[in-house]
Amino acid sequence: MTVAPVLGQVPVSAGSGQRHGRLARWAVGLSALFGVAIAAGIATFAIAYAVGGASATEDNWVGYLVASMGFVGLLGSLAAFVLAIIAKVKRERGALLWLPLCMFPACFLFLVLGETLWWE
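Residues numbered from 1 in each chain as written. Predicted model: local features only at pLDDT ≥ 70, side-chain atom pairs only at ≥ 80, totals over all residues. Heavy atoms only, no water.

**Overview of the overall build of the protein**
The secondary structure content of the protein amounts to three helices and zero strands. When the helices and strands of the protein are read in sequence order from the N terminus, they spell out α-α-α. Counting across all 120 residues of the protein, residues that qualify as buried make up 27%. Pairs at least 24 residues apart make up 71% of the contacts formed inside the protein by residues separated by at least 6 positions. In the structure as shown, the protein presents an accessible area of about 8,800 Å², 70% of it carried by carbon and sulfur atoms. (Helix = DSSP H or I, 4+ residues; strand = E, 2+ residues; numbered from the N terminus. Buried < 20%, exposed > 50% of the residue type's maximum accessible area, 1.4 Å probe, protein only. Contact = heavy atoms within 4.5 Å. Areas by Shrake-Rupley, 256 points an atom, 1.4 Å probe, with all protein chains shown as cover.)

**Some points on the nonpolar core**
Grouped together as the largest cluster of nonpolar side chains are eleven residues: Leu-23, Ala-24, Ala-27, Val-28, Leu-30, Phe-34, Ala-80, Leu-83, Ala-84, Ala-87 and Leu-97. Among the elements of the structure, helix H1 (22-52) and helix H2 (60-89) are those that each provide at least two residues to this core. Setting aside residues no more than four positions away along its own chain, Ala-80 makes contact with Ala-27, Leu-30, Ser-31 and Pro-100. By size, the runner-up hydrophobic cluster in this structure holds five residues, among which are Ile-38, Leu-74, Phe-104 and Cys-107. (Core = buried A, V, L, I, M, F, W, Y, C linked by side-chain atoms within 4.5 Å.)

In structure tokens, the structure reads:
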């Protein structure tokens, strides 16, 4: 039995295929979350510097807060980077998958260059 399309009716679209994969969604979400953590650490440092100058940034709580947020953000972006690589290997779709793939190298380079060139 053959099936012919009915004249005058538009076929129903099934969409663009498969939905975004679970790993891709997790990678993008983790990357965004830990990107906010890194930005909050930088903002804390900037506010302390603006309010109290160089002496305010030498306080223990500011240094501890900025260092811990940077470290946690780097580890979280590493986890998101690994999830994004696994999602790419499994050929999962994700429109924003470029975010975790760029976040970890950018954070790592910022911390390495900042430690070697700017902060002493």
